[in-house]
Amino acid sequence: MNEFQLSAPADFGPDEPSTNFRATGPQFPPTHHLADQPAVAPARDVDTFVQEFLEELNFGQGVPLDRSTINHQYLALASTVRSYLMADWLATAARRRAHPAKMVGYLSAEYLLGRQLGNALLNSDLEGIVEEAMRQLGIDLAAVRAQEVEPGLGNGGLGRLAACFVDSLATMDVSCIGYGIRYEYGIFRQTFVEGRQVEVPDTWLALGAPWEFRNPERAVQVDFGGSVESYAGDQGRPRRRWRPDWNVLAVPYNYMVPGYHNGVANTLRLWSAEATRAFDLQIFNHGDYAEAVRAQTFAENISKVLYPEDSTPQGKELRLQQQYFFVAASIGDYLHGTLPEDFDLARLPEQIIFQLNDTHPVIGIPELMRLLLDVHGMEWDQAWAITSRCFAYTCHTLLPEALEVWPVSLVERLLPRHMEIIFEINDRFLAAVRAQFPGDDDRVRRMSIIAEGGDRGVRMAHLATVAAVRVNGVAELHSQLLRDKVLVDFAQLWPEKFTNVTNGVTPRRFLVSANPPLTSLINDAIGGGWITDLERLRELEPYAEDPVFRERFRSAKRANKDHLNSTLLAAGTAQLPADHMLDVMVKRLHEYKRQMLKLLHIVSTYEGVLSGRVPAEQVTPRTCLFGAKAAPGYATAKETIYLINRVASVINSDPKLDGRLFVAFPPNYNVTLAQRLIPAADLSEQISLAGKEASGTGNMKLALNGALTIGTDDGANVEIRKLVGDDNFFLFGMREPEVAELQSRGYHPGEVYASNPVLKSAIDLIASGHFGDRGASQALMGDLVGNDRFMALADFQAYVDAQAQVDAKFADTEAWTRSAILNVARSGYFSSDRSMRDYLDRIWGAQVH
Ligand code: 26W
């Protein structure tokens, strides 16, 4: 070898980075004996973990232990735990490649994941080792865990459900990939300034994001705008071609989704928007620096922030860009990144089912059609035969205003080819409707995907229902109302397409992680099998008759209340009085959920004492705790928060109540706070107007943690009551048919106000300015007495009567505890594992595994 001959041939290799991410593996036959070894996780013992951790701290974070901050320690711990999970992830992927089966592609614009470290330690059964390792290193594990900022990539129920579902699919070892958006800013952080909600940006990435893997090689270009042109395809067949005029790069960030104690880890792939051409040097060289980077900022806007609405779409263009961005990236990634290059797309429905989490990803339907028609050159019928077997749609709402309808003009401008395809889908669909219902133009107008008249709109729920193999609601009553009302025309046309899958929650996070005292009590009684087979909680039923068990159950609840108080103390919010019934209402602030009805009960109790109508000592010591964010643009919701805080400050400092009634409203309700609050609760408030709450999932978490529910027959409350038994549930209020009947007959809240003196006194006290800001109070009470869209006044008396039953039962401690234990024992059905089994049986099919 002469002095000029360089050692490795690489030096002379191509000087362009390879972009062919399919070319994997070493370039030459490896000789080292470890080369073909599967990745093995580090040994699962304390010393190895300590070693791995210190390596991560020293060489990953670049600090010695004695100079490490809690954030260094958190990032190092997360990365160390991650390396243990990684082996499962690689093994799971290899096993899936070796035994390919149909999989689920879960498309959701929201994932409310909660903190990752605790869940990773639990599911990978590393808690014991890590606790001991940190102890030996003198590190306060609780403080390190508190360092994690939860990824708030969702608004509420829909986003959290997606997170519970992917946890269950991994625990059930079902092949699934979750697709979504990596928002740079998640749901806003809620602060209170003089009782008013003030939103603060959610800088969740600021101190590092150790749980994600950026994979730029698998970036997907996503196009927008432009126009469509015709050209002659092969054999001169007329074809259409989209000529987009701008694009962005969708860069994937992979998250591992570990199963519980099964060595499985699925993938959650969240897309982040980056500029295709990050920087325009020509423009820069001409000195227009801002212009040079404009494309970059413009592109990044797409995944910049989560829309904080959870019911009323704002119809903003950026929102549609976000929806198309992640769906096009996901479908493109799967078709052109995951499937073998020579895969016969006619067999696509055997490979994957895309579950549409509400209407937000529905633009994926014309996107798949576009790829099959324009990119893969298929004829319409073949493309539709494939597409109409690749999607299933879950509806999560009953509020007409929450159903997305995108202006045709906007879709035409942003996605001209997709609008063409939607028109074609609609024409063919309406032809079938006309054939089935000749002359019924009204039905055609009702069912059309295109809402005519004025600014034409695309009804995304109709498009989803036309294309999906299955449409499901999220609780029996909800699915029934979809069939009988919201989508009645479609249910008549395709009765077999409609089904129900009642929601569920993961017992790993919301029982085992959140409630260690109750978990060990249950384990002692019936073993640990319930954690992956929750209906086994039924075996607890006999223990409800056991006074010793009942006492231990109460001490678990007390321990959770103390733990909650330490959390609230740390957050600088008011301590909860001991020995109070903890009455909890935690959910997004929305008029249909009727936080106002809860407030009227509180004020009428207070007014009763104030006016001498009720002797203070007769008031059951109770703390009413609210947790609720309001969409920033939702004025009535924000005014309700403001009123709750004003009522709290007056009641909590009024000696007349002798501390027997306390109102707490810790700010920034999120998954982490839910895990603290729910195990401490005695009473669960599920008081929405019947026919409005699709399901609810907080109701399930609270029942599983031994809270008794006071609720209407709405959403999943109906199924909770059926399972736990009427004696262990405080039912009140109108049923859905009664609501519909009153609405059609005409509802006059003013008359209810005038005819119920207790109600009138409470409203008048608020309107009087007794709780401050008389103007704001009067406006809110005026709207309530004048409109009361969700009939809080109509259900007030029934609610107050039910609350009296609650007080009576709570006074009988043994009876209350017995009911609480029966709620836990009979709520196993509400596991998200069971929900997944129902999706497999009723929607995805057994091929998925
Ligand atoms: C476009 C604005 C928007 C954003 C989110 C409209 C609607 C939504 C979600 C569908 C709202 C939501 O979170 N719905 C809740 O979904 C839960 C999970 O199925 C149910 O348990 C709740 O009842 C339902 O309100």
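Here the structure is a predicted model, which means the values were calculated and not measured.

### Overview of the overall build of the protein
Secondary structure summary: the protein contains 33 helices and 25 strands in total. In summary, the protein has a C-alpha radius of gyration of 29 Å against a globular reference of 29 Å for 849 residues, a match within 12%. Along the three orthogonal principal directions, the C-alpha set of the protein runs to about 100 × 80 × 60 Å. Taking all 849 residues of the protein together, 57% fall into the buried category. A separation threshold of at least 6 residues defines the contact pool for the protein, and within that pool the share at least 24 residues apart is 77%. As presented, the protein carries roughly 33600 Å² of accessible surface, and 53% of it is formed by carbon and sulfur atoms.

### Focus: a nonpolar patch on the surface
Taken together, the side chains of F279, L281, F284, Y289 and V293 define a hydrophobic patch exposed on the protein surface, amounting to about 440 Å² of accessible area. Within the fold, F284 resides in helix 7 (residues 281-285).

### A word on the domain arrangement of the protein
Where interface size is given, it is often the accessible area lost as the parts come together that is meant. You can read the domains of the protein as domain 1 (101-116 + 151-209 + 251-264 + 306-501 + 837-844) and domain 2 (577-812). The gap between the C-alpha centroids of domain 1 and domain 2 is 33 Å. Both sides together, the interface formed by domain 1 and domain 2 hides about 2800 Å², and carbon and sulfur atoms give 55% of it. In this structure, the connection of domain 1 to domain 2 is made through five salt bridges. Between E736 and K485 there is a salt bridge, with the nearest N and O atoms lying 2.6 Å from each other. The tally of links between domain 1 and domain 2 comes to 12 residue pairs in polar contact (both at pLDDT 80 or more). Taken together, the elements giving at least two residues each to the side of domain 1 that touches domain 2 come down to helix 6 (157-171), strand 5 (189-193), strand 6 (196-200) and helix 17 (476-486). Top contributing element to the side of domain 1 that touches domain 2 by residue count: helix 17, with five residues. Across the side of domain 1 that touches domain 2, the residue classes tally to 12 nonpolar, nine polar and 11 charged.

### Overview of the packing of aromatic side chains
Under the counting rule described, the total for this entry stands at 24 aromatic pairs. With a centroid separation of 6.5 Å and 15° between ring planes, the pair formed by Y179 and W271 is classed as stacked. Of this pair, Y179 sits in strand 4 (residues 176-181) while W271 sits in strand 12 (residues 265-275), and the two are 92 residues apart along the sequence. Side by side, Y179 and W271 carry an identical accessibility label, which is buried.

### Some remarks on the site of the ligand
Taken together, 21 residues sit near the ligand, with H396, N503, E693, S695 and G696 positioned nearest. Between the ligand and S695, the relevant distance is 2.9 Å, taken from an oxygen atom to a main-chain nitrogen or oxygen of the residue. Between the ligand and G696, the relevant distance is 2.8 Å, taken from an oxygen atom to a main-chain nitrogen or oxygen of the residue. Examining the composition of the shell around the ligand, we find that three residues originate from one element, helix 6, more than from any other. Here the shell around the ligand is built from residues that sort into seven nonpolar, eight polar and six charged. For the shell around the ligand, the domains that each give at least three residues are domain 1 (101-116 + 151-209 + 251-264 + 306-501 + 837-844) and domain 2 (577-812).

### Let's talk about the state of the cysteines
The tally for this structure, following the rule as stated, stands at zero disulfides. C176 carries a free sulfur, and the closest cysteine sulfur to it, the one in C164, is 14 Å from it.

### Focus on the sheet that holds strand 17 (residues 457-459)
Reading across from one edge, 15-17-16 is the order of the three strands in this open sheet, with antiparallel pairing throughout. If you trace the sheet from one side to the other, it starts and ends with strand 15 (405-407) and strand 16 (450-451), each paired once. In this structure, strand 16 lies alongside strand 17, joined through two bridges in antiparallel fashion. Of the residues in strand 17, the one forming a bridge with A451 is G457. Running over the sheet, helix 16 (residues 460-467) touches strand 15 and strand 17 and is turned about 45° from strand 17.

### A few points about the pattern of salt bridges
One pass over the full model with this rule turns up 60 salt bridges. The partner of E420 in a salt bridge is R240, with the nearest N and O atoms 2.2 Å apart. Linking E420 in helix 14 (residues 416-436) with R240 in strand 10 (residues 238-243), this pair joins segments that are 180 residues apart in sequence. Salt bridges sharing partners connect three or more residues here, namely D440, D442, R443, R445, R446 and D489.

### Structural notes on the UniProt feature "modified residue: N6-(pyridoxal phosphate)lysine" (unreviewed entry) in the protein
In this numbering, the UniProt entry assigns the feature "modified residue: N6-(pyridoxal phosphate)lysine" (unreviewed entry) to K701. Position of K701 among the secondary structure elements: in helix 25 (residues 698-704). Note on K701: relative accessible area 7%, which makes it buried. Those residues in contact with K701 that lie beyond four places of it in its chain are R160, V505, F510 and I678.

### A look at the side chain of D714
Here D714 shows up in the loop between strand 24 (708-711) and helix 26 (717-724). One buried charged residue, D714, forms no salt bridge at all, with the nearest opposite charge on R594 at 7.5 Å. Separated by 2.8 Å, the side chain of D714 and the backbone nitrogen of G691 make a polar contact. Here the side chain of D714 touches K692 through a polar contact of 3.4 Å, landing on its backbone nitrogen.

### Some details on the packing of helix 31 (residues 796-811) against helix 32 (residues 813-825)
The contact between helix 31 and helix 32 brings their axes to 5 Å, and the two run at 105°. In terms of orientation, helix 31 lies roughly perpendicular with respect to helix 32. Of helix 32, the residues touching helix 31 (which contributes V806, K809, F810 and A811) are T813, A815, W816 and S819. Of the residues that constitute the contact of helix 31 with helix 32, the class distribution is five nonpolar, two polar and one charged.

### Concerning unusual backbone geometry
Across residues other than glycine, the phi torsion is negative in most instances, and most of the peptide bonds are trans. Phi angles above zero are rare outside glycine, and E194 is one such case at about 50°. Of note, E194 is situated in the loop between strand 5 and strand 6. On the basis of relative accessible area, E194 is assigned to the exposed category, the value being 74%. Even without a glycine there, the phi angle at Q235 is positive, about 50°. In this fold, Q235 is placed in the loop between strand 9 (227-232) and strand 10.

### Notes on helix 30 (residues 774-786)
Because each turn of an α-helix spans 3.6 residues, side chains separated by three or four positions end up pointing in the same direction. For helix 30, with 13 residues, the first-to-last C-alpha span of 17 Å sits near the 18 Å given by 1.5 Å per residue. Taken together, the buried positions of helix 30 are A776, S777, L780, M781, L784 and V785. Angularly, the buried residues of helix 30 cover 155° about the axis, an arc narrow enough to put them on a single face. The inward-facing, buried residues of helix 30 abut helix 22 (595-610), helix 23 (635-652), helix 28 (749-755) and helix 29 (757-767). Once helix 30 ends, the next one or two residues include D788, with phi positive near 45°.

### What about helix 12 (residues 380-387)?
Those residues of helix 12 not exposed but buried are W380, A383, W384, I386 and T387. What you see down the axis of helix 12 is that its buried residues fit within an arc of 160°, all on one side. Contacts from the buried residues of helix 12 go to helix 10 (348-351), helix 11 (364-375), strand 14 (391-394), helix 14 and helix 16.

Conventions used here
- Residues numbered from 1 in each chain as written.
- Predicted model: local features only at pLDDT ≥ 70, side-chain atom pairs only at ≥ 80, totals over all residues.
- Heavy atoms only, no water.
- Helix = DSSP H or I, 4+ residues; strand = E, 2+ residues; numbered from the N terminus.
- Rg over C-alpha atoms; globule rule 2.2 N^0.38 Å.
- Buried < 20%, exposed > 50% of the residue type's maximum accessible area, 1.4 Å probe, protein only.
- Contact = heavy atoms within 4.5 Å.
- Areas by Shrake-Rupley, 256 points an atom, 1.4 Å probe, with all protein chains shown as cover.
- Patch = residues over 30% accessible without salt bridge, like charges linked within 9 Å, V, L, I, M, F, W, Y side chains within 5 Å.
- Salt bridge = Lys/Arg side-chain N within 4 Å of Asp/Glu carboxyl O.
- Domains from an automatic or database assignment.
- Buried area = accessible area lost by both parts, 1.4 Å probe.
- Polar contact = N/O pair within 3.5 Å; in protein donor to acceptor, adjacent residues only side chain to side chain.
- Nonpolar A, V, L, I, M, F, W, Y, C, P; charged D, E, K, R; others polar.
- Phe/Tyr/Trp six-rings, centres within 6.5 Å; stacked < 30°, edge-to-face > 60°.
- Near = heavy atom within 4 Å.
- Disulfide = S-S within 2.5 Å.
- Pairing = 2+ DSSP bridges.
- Axes fitted to C-alpha atoms, helices over the stretch in contact; angles between N-to-C directions.
- UniProt positions renumbered as here; feature names shortened; annotations may be inferred.
- Lys, Arg positive; Asp, Glu negative; His and termini not counted.
- Parallel < 35°, antiparallel > 145°, perpendicular 65-115°, else oblique.
- Expected span 1.5 Å × (residues − 1).
- Arc of directions from axis to C-beta.

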